[in-house]
Structures are given as structure tokens and as C-alpha cells.
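Working through the structure, step by step
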Amino acid sequence: MRIIFTGPKGTGKTTLGKKTASYLGLPFYDMDKEVGGFTGDPGDIISKETYEFTILQSLLLKEKFFISTGWRTFLNSKCLPLLKEGNMIILLRGENSILKGRLKQKNKDDFYNNFTDEDYITSAEEIYKTVEPLAHIIIDVDPYKKSGFHREIGDKIIKNSVNKFRLINR
């Protein structure tokens, strides 16, 4: 099973991804962590995208995986064909109130400091517009469903892998 998990920051890609991958018995990789080793000039987008492509390419050589990645990877023209090739793509969607709440958390990182509520919602909508046509499963994240939500996601993944990926569950 080859799973790509994506969505805006704050929807639970890493937390839900780790739990769901464990439930499915798959190795988990977080592209933010993997690409965090980039040592070039942060402003050099071409080098950073090439580095991201190289990391993704090496992960996709594995037979089974569960990769959590942000939408930037989907905007990388080198990465997009790799993401679509034989992988189940799962998009996490969050209500605007969830995403805005994420901005107000005390432990937010530098990423969030660069956004107003409106900018962040606009970027989330761009993620949805980019990834929805590619998604095999779309999960509406429910912040009140803490216990067992990863099992529910895992069960949808199993059901859809049997159905050849093309059914969208909500």
C-alpha cells in the first residue's frame, strides 16, 4: 500500500498520519522532516524543489509507505508526476474555524507567524483546489473525534484500496 496524506497545516497530517500508518502497519515518513535537511540558500526555490524531488523519489522507491506532505510538494512540477503514479492520495480538509484556531495556538512555529487569518484560509483553499482533483479520499477532519479517528481513516483506506482508489469518501 502506498499512501500520500496531504492538507493544510493544522489539519492533523502528522498526528493522524502516524497513528493511521501504525494502524495499517506501514512505515511513516513526514516530508517536512525529510526536507528539513535542506542546507542550501532558503531563497533558492529551484534548489529546494530539486532537493524535495530527490527525497520524494527515494521514498517512492519503497514498496509500502505512508507519506505526510504539505501542498508545496503538489505544486512542485517535478514531484507531481511522482505523487500521482500508483499512490493513493488522501486530502485532509478542515473547517475555517479549525484552521483559524491553529493560528492562535501558543506553540505555533514561524510558518504561522507569516499569516493573517484571511491569508491562511486563502492558502488552505488553494491547497484544496490543487489537490481535490487528484484525491482518492477526502477526509473532513472533526476536531471532536479524537479517539479512534485514525482507525476510521485506516478503514476507509482499506476499503478504497479494494475499490481501485477512485471512490471518494466524505
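To keep things clear, this report deals only with the structure shown in the data block. (Residues numbered from 1 in each chain as written. Predicted model: local features only at pLDDT ≥ 70, side-chain atom pairs only at ≥ 80, totals over all residues. Heavy atoms only, no water.)

Looking now at the packing of aromatic side chains. The final tally for this structure, using the stated rule, is two aromatic pairs. Centre to centre, the rings of Phe28 and Phe66 are 6.1 Å apart; their planes meet at 35°, and the pair counts as tilted. Taken together, the positions of Phe28 in strand 2 (residues 28-30) and Phe66 in strand 3 (residues 65-69) put the pair 38 residues apart, joining distant regions of the chain. Owing to a relative accessible area of 22%, Phe28 belongs among the partly exposed residues under this scheme. These aromatic residues form a ring-pair network of at least three members: Phe5, Phe28 and Phe66. (Phe/Tyr/Trp six-rings, centres within 6.5 Å; stacked < 30°, edge-to-face > 60°. Helix = DSSP H or I, 4+ residues; strand = E, 2+ residues; numbered from the N terminus. Buried < 20%, exposed > 50% of the residue type's maximum accessible area, 1.4 Å probe, protein only.)

Among the structural elements, Asn76 can be located in the loop between helix 4 (71-75) and helix 5 (80-84). On the basis of relative accessible area, Asn76 is assigned to the buried category, the value being 1%. Once you skip the residues sitting within four places of it in the chain, Asn76 turns out to touch Glu49, Glu52 and Phe53. (Contact = heavy atoms within 4.5 Å.)

Turning our attention to the pattern of salt bridges. The tally for this structure, following the rule as stated, stands at three salt bridges. Its salt-bridge partner being Arg93, residue Glu132 comes within 2.2 Å of it at the nearest N-O pair. Taken together, the positions of Glu132 in the loop between helix 8 (117-131) and strand 5 (137-140) and Arg93 in strand 4 (residues 88-93) put the pair 39 residues apart, joining distant regions of the chain. Among the residues examined, Glu132 registers a relative accessible area of 26% and is labelled partly exposed. Between Asp140 and Arg93 there is a salt bridge, with the nearest N and O atoms lying 3.8 Å from each other. With Asp140 in strand 5 and Arg93 in strand 4, this residue pair connects regions lying 47 residues apart in the sequence. With a relative accessible area of 42%, Asp140 lands in the partly exposed category. Overall, Arg93 belongs to the partly exposed group, its relative accessible area being 23%. (Salt bridge = Lys/Arg side-chain N within 4 Å of Asp/Glu carboxyl O.)

We now examine the sheet that holds strand 4. The five strands are arranged 2-3-1-4-5 in an open sheet whose pairing can be described as parallel. The open sheet has two free edges, formed respectively by strand 2 and strand 5, since each of these has just one partner strand. The sheet shows a mean angle of 20° between the axes of neighbouring strands, direction not considered. Of the pairings in the sheet, the one linking strand 1 (residues 2-6) to strand 3 comprises five bridges and is parallel in character. The partner of Phe5 across the bridge, within strand 3, is Ser68. This element, helix 1 (residues 13-24), spans strand 1, strand 2, strand 3 and strand 4 of the sheet and lies at about 175° to strand 3. Taken strand by strand, helix 8 contacts strand 1 and strand 4, and its axis lies near 155° from that of strand 4. (Pairing = 2+ DSSP bridges. Axes fitted to C-alpha atoms, helices over the stretch in contact; angles between N-to-C directions.)

For the rest of this paragraph, the subject is the pairing of strand 3. With respect to burial, strand 3 is a largely interior element, five of its five residues being buried. Pairing analysis gives three bridges linking strand 2 to strand 3, with the strands arranged parallel. Looking at strand 3, one finds that Phe28 is bridged to Phe66.

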